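Residue-level structural notes
If you want the building blocks of each chain, they are given just below.
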Amino acid sequence: MLHTIITLLAPRFYSIYNKGRSSSTGSNFSKYLFIITLGSAFWIGTLYLSLRVLRYFSKIEEIGDILAFKLLSMVIVTIFSLLVFSNILNALSKLYLAKDLKLVHSMPVDSYQIFFARWIETTLDSSWMVILYTMPLFVAYNIIYSPGLIFYPITILSLILLAVGSSGIGSMVVMVAVVVVPASRIRTIFVFLGLSLFILLYIAFRIVRPERLVDPEVFSATIFYFKAMNTPSSPFLPSTWCYDAIFAALKGEFMVSFFHITVAFSFVLFVGFLALFIADAIYFNGVSKAQTSAARVFGGKKIWGISKGFDFELKSFSFLSGPVRALAVKEVKTFLRDQTQWSQLFLIAALICIYIYNFKVLPLEKSPIQTIYLQNMLAFLNMGLAFFVLTAITGRFAFPAISMEGEAIWIIRSSPINIGSFIWIKYFIYIIPLMLLTFILIISTNILLKVLPFMMILSCLNTIFIVPGVLSLGIGLGAAFPSFKSENPAQTITSYGGLLFMIFSAIFIGTLIILQAGPVYKIMSYQFRSKPLDFYDMAWIAASFLAALIISIFMIFVPMRFGEKRLKKSLFDIE
């Protein structure tokens, strides 16, 4: 069996090896060097921030260690949640939607062996980044608590066991879901995955009950507060075993740590054998069903006179020219018919509700800072947070929009429509939904915070100018770095182009927030003191807002032009 598994994994390892060889020359080398440099900077920055937080906690008598370990518990629960959902998505792609499945299953190999090889790939793909980029936090804990170098192998082993266990859970969920859901509707699994993520995140968030960190008054006595802060998570969760092992290692209790690692290891063995048993029973049957043609969740019947197939008439875009109108209609139909796209809107709606609710329950009246100052300060910071949420949603929907054309991009290439119009159509399809979403986030939170009219107006103006810039970056860089042969275009956000989009979006948003921070503070200060602004302050404020406006306009057109040039070159240079 071992030789069979190695043979099945060999193409993957050879592709990584060949890609590494090709990256040693030319532009690929500079691309990988940039990614490594950026990753290292992120790693070092995370380590620095973690050390600052833990050192601050260590200076708090009695409760400092409790806060530090509660933070550790929250981080591990979050890691577990991310690993489970990431493995579910990757397992669905690797086990059922990969293009080479027909070839692999035609080989004289048992289905459970194919599953085992794909399970290894799924675990590696889903876990390496989560583990790598959370390691700075654990390094910071080792520096603060000094348990010794043995802490590192214990932590790495605990995280690996957590990743393998999460992968086993995710793979079993996918295999059972594929059997339960009719084969002709395999893509509707994404509906269940979106809801599962929401439920998983909500349960994980409520398990740690983070509101206790800021509101000790809910306890009748200090002793109950300390006791509740020390209360561990559910003992039946793999994340609890991982936390207990790392916690014991930090305390120098290595035998206790070894016990919890043994418990986690036994769980991994159980999950592994159970997953192989399920795979031997139902995996091949699920693969066979997945090869049938996909059907929509809703048929062709009509509700309220509207076709469930979302057959929009061309007259809806009658103001456009013929070819442009046809392409616009195609974009809308493609989005609405692709359930992997619109089904995630349910999840986004749920997360928006949680986002808004968090502002509703903020204990502002218990803050030592005057409430009116705090409310407007939070409103200004919330702008940045809302725009980063916008960036994430743009990265998921708008950035892969060009790549979603797939290998049918030749139709666009041979059509009488130019590439520039093609990209701008993509842009205008997404601009209104993203604008409405951002307005909902910002206006609703501002109403809950009861901000001043100035802050409400500023938030709305920022939305009008920042949303088009972020979307321009998403569409433009998505066109500049497309992946037409990707099995899952949504994963292009993890590519080099996706990385550039996230970086430039963060720089764009951060620059505008920094430019406005000083003027906003000055205006708010003068308003609270009921004093008029002097000439120099007005000139400085005007210059800052003008610079923000120029940058916003610049970011609308330049990325789109860059993407158009790059896409033309990649399409028309094809032999």
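Before going further, it helps to examine the pattern of salt bridges. In total, this model carries five salt bridges according to the counting rule given. A salt bridge links aspartate 125 to lysine 94; its shortest N-O distance comes to 3.2 Å. Placement of the pair is aspartate 125 in helix 5 (residues 111-145) and lysine 94 in helix 3 (residues 64-97), with a sequence separation of 31 residues. Among the residues examined, aspartate 125 registers a relative accessible area of 22% and is labelled partly exposed. Note that lysine 426 is salt-bridged to glutamate 405, the shortest N-O span being 2.8 Å. One end of the pair, lysine 426, is in helix 16 (residues 419-449); the other, glutamate 405, is in the loop between helix 14 (371-397) and helix 15 (409-414), and 21 residues separate them in sequence.

Right, let's get into the packing of aromatic side chains. The description of two aromatic rings rests on the distance between their centres and on the angle between their planes. Applying the stated rule across the entire model yields 17 aromatic pairs. Centre to centre, the rings of tyrosine 56 and phenylalanine 57 are 6.2 Å apart; their planes meet at 50°, and the pair counts as tilted. Ring centres of tyrosine 96 and tyrosine 283 lie 5.5 Å apart, and the angle between their planes is 70°; this geometry places the pair in the edge-to-face category. Here tyrosine 283 lies in helix 10 (residues 254-290) and tyrosine 96 lies in helix 3, a separation of 187 residues in the sequence. Of the residues examined, tyrosine 96 reaches a relative accessible area of 2% and is grouped as buried. Residue tyrosine 283 is classed as buried on the basis of its relative accessible area, which comes to 0%. The structure contains a cluster of three or more aromatic residues connected by ring pairs, namely Phe69, Tyr141, Tyr145, Tyr243 and Phe247. The side chain of arginine 396 reaches across the aromatic face of phenylalanine 397, ending 5.3 Å from its centre.

Here serine 505 is to be found in helix 18 (residues 496-529). Judged by relative accessible area, serine 505 falls into the buried class, the value being 0%. Excluding residues that lie within four positions of it along the chain, serine 505 makes contacts with Thr391, Val470 and Leu473.

Turning to helix 9 (residues 238-250), a few remarks are in order. Counted at 1.5 Å a residue, the expected span for helix 9 with its 13 residues is 18 Å, and the 19 Å between its end C-alpha atoms agrees. In terms of residue burial, helix 9 counts as a mostly covered element, since eleven of its 13 residues are buried. One or two positions beyond helix 9, positive phi appears at glycine 252, with a value near 85°.

What follows deals with helix 3. Between its first and last C-alpha atoms helix 3 spans 48 Å; for 34 residues at 1.5 Å apiece the expected length is 50 Å, and the two agree. Burial analysis of helix 3 places 26 of its 34 residues in the buried class, the great majority of the element.

Here the focus is the packing of helix 3 against helix 6 (residues 151-180). How two helices pack is summed up by the angle between their axes together with the distance between the axes. Where helix 3 contacts helix 6, the two axes come as close as 7 Å, and the packing angle between them is 45°. When the axis of helix 3 is compared with that of helix 6, the two are oblique. Helix-helix and strand crossings are classified by hand; for helix 3 and helix 6 the assignment is right-handed. Touching Ile76, Ile79, Phe80, Leu83, Val84, Asn87, Ile88, Ala91, Leu92 and Tyr96 of helix 3 are Leu162, Ala163, Ser166, Ser167, Ile169, Gly170, Ser171, Val173, Val174, Met175 and Val178, all from helix 6.

So, on to the nonpolar core. In summary, soluble globular proteins display a tendency toward joint burial of nonpolar side chains. Within the largest apolar cluster, 68 residues are counted, with the highest numbers of intra-cluster contacts made by Leu72, Tyr96, Phe115, Phe138 and Tyr283. Within the residue set of this core, elements represented by two or more residues are helix 1 (2-22), helix 2 (26-58), helix 3, helix 4 (101-105), helix 5, helix 6, helix 9 and helix 10. Top contributing element to this core by residue count: helix 3, with 16 residues. Judged by nonpolar contacts, the second largest core, of 59 residues, contains Tyr430, Leu473, Ala479 and Leu571.

In this section: unusual backbone geometry. In the Ramachandran plot, serine 146 falls in the positive-phi region, its phi being about 50° despite a non-glycine side chain. Considering the arrangement of structural elements, one finds serine 146 in the loop between helix 5 and helix 6. Since its relative accessible area comes to 56%, serine 146 is described here as exposed.

Direction vectors running N to C along helix 3 and helix 9 enclose 145°, while the axes themselves pass 9 Å from each other. The two elements helix 3 and helix 9 cross, and the hand of that crossing is right-handed. Facing helix 3, whose interface residues are Phe69, Leu72, Ser73, Ile76, Val77 and Phe80, helix 9 presents Pro238, Ser239, Cys242, Tyr243, Ile246, Phe247 and Leu250. Partitioning the contact of helix 3 with helix 9 into residue classes produces eleven nonpolar, two polar and no charged.

With that settled, the discussion passes to the confidence of the model for the chain. Of the residues in the chain, 74% reach a pLDDT of 70 or more, and the chain-wide mean stands at 77. Under a pLDDT of 50 for its full length, residues 218-226 has, in the predicted model, eleven contacts with residues more than four places off or in other chains.

The next subject is a nonpolar patch on the surface. On the surface, Ile457, Leu461, Ile464, Phe465, Leu546, Leu549, Ile550, Ile553 and Phe557 cluster together into a nonpolar patch covering about 800 Å² of accessible area. Elements supplying a minimum of two residues to the nonpolar patch: helix 17 (453-480) and helix 19 (535-572). For the nonpolar patch, the leading source of residues is helix 19, giving five residues. Relative to the assigned elements, isoleucine 457 resides in helix 17. You can call isoleucine 457 exposed: its relative accessible area is 54%.

In this fold, serine 483 is placed in the loop between helix 17 and helix 18. Between the C-alpha atom of serine 483 and that of glycine 497, which follows or precedes it by 14 residues, the distance is 9.8 Å. Each residue touching serine 483, except ones within four places of it in the same chain, is listed here: Ser403 and Thr492.

About the cut-offs
Residue numbering note: each chain is counted from 1, following its sequence as written. For this predicted model, a pLDDT threshold of at least 70 governs which residues receive local features, and a threshold of 80 or more governs which side-chain atom pairs are given and counted, while totals over whole chains, interfaces and linings are taken from all residues. Computation of side-chain values covers all heavy atoms of the structure but excludes hydrogens and water. Note on definitions: salt bridges are taken to be side-chain nitrogens of Lys or Arg within 4 Å of carboxyl oxygens of Asp or Glu. Put simply, DSSP H or I for four residues or longer makes a helix, DSSP E for two residues or longer makes a strand, and each gets a number counted from the N terminus. When a residue's accessible area, from a 1.4 Å probe over protein chains only, is under 20% of the maximum for its type it is buried; when over 50% it is exposed; and in between it is partly exposed. By convention, a stacked pair of Phe, Tyr or Trp rings (six-membered ring in the case of Trp) has centres within 6.5 Å and planes under 30 degrees apart, an edge-to-face pair has planes over 60 apart, and any other such pair is tilted. Here, a charge over a ring is recorded when the distance from Lys NZ or Arg CZ to the ring centre is within 6 Å and its angle to the ring normal is within 35 degrees. Whether two residues are in contact is decided by their heavy atoms: any pair within 4.5 Å suffices. Each residue after the first adds 1.5 Å to the expected span of a helix. Axes, fitted as lines to C-alpha atoms, cover a helix only where it is in contact. Angles between the N-to-C directions of the axes lie from 0 to 180 degrees. Should an angle lie under 35 degrees it is considered roughly parallel, over 145 roughly antiparallel, and from 65 to 115 roughly perpendicular; all remaining angles are considered oblique. Handedness of a crossing is defined here by the sense of rotation of the near helix relative to the far one, left-handed for an anticlockwise turn of less than a right angle and right-handed for a clockwise turn. Buried Ala, Val, Leu, Ile, Met, Phe, Trp, Tyr and Cys residues that are joined via side-chain atoms within 4.5 Å together make up what is termed a nonpolar core. In the scheme used here, Gly and all other residues not listed as nonpolar or charged are polar, with Ala, Val, Leu, Ile, Met, Phe, Trp, Tyr, Cys and Pro taken as nonpolar and Asp, Glu, Lys and Arg as charged. Each residue carries a pLDDT score, the predictor's confidence in it, ranging from 0 to 100. Patch definition: residues with relative accessible area over 30% and no salt bridge; like charges joined within 9 Å; nonpolar side chains (Val, Leu, Ile, Met, Phe, Trp, Tyr) joined within 5 Å. Accessible areas in this description were obtained via Shrake-Rupley with a 1.4 Å probe; residue shielding takes into account the shown protein chains only.

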